[in-house]
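# Observations on the model geometry
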Amino acid sequence: MSLQGDIVEVPKIKKAMYIEKEGCVDRISVLPTCILLYIMTFLTTKEAVQTCILSKRWKDLWKCIPTLIASNTHFQRAEFFKKFVSKVLLHRDDYSPLHNIAFKHGGYIHPQYFVKLLSYAASHNMEQFKFDAFIDGHHQKYILFFTSEFSCHSLKYLNLTLREAKRTIVLPKSLNFPQLTECHLKGVTFPSSDENGYAEPFSTCKKLNTLAIDDCALYDAQTLCVVGDKLSSLTVQFGVLNHYPFEVQISAPNLNSFAFAGRLNSSTATHKLFKHNLDYLQEARVEVLSAKITSEFAEILMSWLKRFKNVNSLVLCSETLEVLSSIPKFPDIEHVRFGNLKSLVIRNGPDKNEPKEVLEYLLQDSPISEATIVEDLPSYYDELEFIYAPDHSSIRRKNMPIRRC
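For the structure given in this document, a descriptive report is provided here. This is a predicted model, so every value here is computed, not measured. Residue positions are counted from 1 within each chain, in the order its sequence is given. Reporting in this predicted model follows two pLDDT cut-offs: at least 70 for local features of residues, and 80 or more for side-chain atom pairs to be given and counted; totals over whole chains, interfaces and linings ignore these cut-offs and use all residues. Remark: hydrogens and water are excluded; side-chain values derive from all non-hydrogen atoms of the structure.

Okay, the environment of Ser303 next. Runs of E in the DSSP output that reach at least two residues are strands. Runs of H or I that reach at least four are helices, and both are numbered from the N terminus. Looking at where Ser303 falls in the secondary structure, it is placed in helix α8 (residues 295-307). The buried label goes to any residue with under 20% of its type's maximum accessible area, the exposed label to any with over 50%, and the partly exposed label to all in between, with areas taken from a 1.4 Å probe on protein chains only. Residue Ser303 is classed as partly exposed on the basis of its relative accessible area, which comes to 28%. Separated by 29 residues in the primary sequence, Ser303 and Phe274 have C-alpha atoms spaced 9.8 Å apart. Polar contacts involving the side chain of Ser303 include one to the main-chain carbonyl oxygen of Ile300, which spans 2.6 Å. By the criterion applied in these results, polar contacts are pairs of N or O atoms within 3.5 Å in which, for protein atoms, one can donate a hydrogen and the other can accept it, and in which residues neighboring in sequence qualify only through two side-chain atoms.

This paragraph deals with helix α2 (residues 33-40). Of the residues making up α2, those classed as buried are Leu36, Leu37 and Met40. One face of α2 carries all of its buried residues, which in axial projection span an arc of 100°. Away from its buried face, by an angle of more than 90 degrees, α2 presents the exposed residues Cys34 and Tyr38. Elements that come into contact with the buried residues of α2 comprise α3 (45-50). The arc in question is the one spanned by the directions pointing from the helix axis to the C-beta atoms. Working rule for contacts: check all heavy atoms of both residues, and any pair within 4.5 Å makes them a contact.

Attention now moves to the packing of helix α4 (residues 78-91) against helix α5 (residues 111-122). The relative placement of two packed helices is expressed as an angle between their axes plus a distance between the axes. α5 packs onto α4 with a crossing angle of 30° between their chain directions and a minimal axis gap of 11 Å. What the angle tells us is that α4 and α5 run roughly parallel. Regarding α4 and α5, the two cross each other, and that crossing is left-handed. Contacts between α4 and α5 involve Lys82, Val85, Ser86 and Leu89 from the first element and Tyr113, Lys116, Leu117 and Tyr120 from the second. Axes here mean lines fitted to C-alpha atoms, for a helix over just the part in contact, with angles spanning 0 to 180 degrees between N-to-C directions. The scheme is simple: roughly parallel for angles under 35 degrees, roughly antiparallel for over 145, roughly perpendicular for 65 to 115, oblique for anything else. Whether a crossing is left-handed or right-handed is set by the direction in which the near helix is turned from the far one by less than a right angle, anticlockwise for left-handed and clockwise for right-handed.

Written out as structure tokens, the structure is:
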């Protein structure tokens, strides 16, 4: 049975609608194939397949489009959706590239289904890959990716959101993506790259410019090393339920934007997070959650702020200020002068008040005299998603009270 007849709900069209009126010309169908394929890239894959009923000219066009855009919201049942995507991969022209893939499923899928989709894309010159789904973590751990089979020299953008993966998806020791410039990873696991317990998955991504790591884990490793001479934007986030955040070492001398959200632990507090001075850092955001505030955590936060002295924009949360206020002899400590600071934003959580002495300390040697206080839930309590926006658009909402301090 054909793909369109088996899965896609083809609307019933009266025979009279196919009969061209005298003097009328189907100007769209006479366009060159390359233009028609470009137009079809703006459609979802389901809509593209449905065009096969228009005429013989359109019957097989969908098989050559270089995009796969699929969401379970376009289907009545999850099994119909997964079956549809599998059949699209089976019936499309195997010689046509598949540059852009966007897959989103609000339910659970087997890890091997994910691997099948990614392997197909890697063998068809993919440039952008976006995947968002719940992973069935009840299966045994899989070492699913290996450098030999998962190398892709055309990939430029990677966005993996693996929800409730439970360490089911383990990446290769090194991601062989030489053209990769932007990477967002949520719920993946990094294996150790050597016998010393260091994970270095991005060492071969020489063009990597933007990296976001969200609620990830380590497998047979103790430290994640982020290395990149061209890395400009970095976000590190540990989810609320991740009670054992791992150690991170960053070697990115040209970093322009840095964001951290999550918990600190003893391993985080006993090493230097950054291996280089952050001379080019312009934007920084720190939202620290700590069930137990200690002077040890406060000292590591203060060492970060000293690295952030050149920033133009700084975003902190009320919990971060509480940690800083626990430094022994605070505020009678060494000053941190934010000589280029143009914006200081403080996010207040529920029943939280920003420590006045910490604000005074942060602003005492800066060119601005007040901070913007946003009365809103911290991002962790809100939607468990952390998206850094330099213009603070991610933390502003309609009717959200804002005051100056």
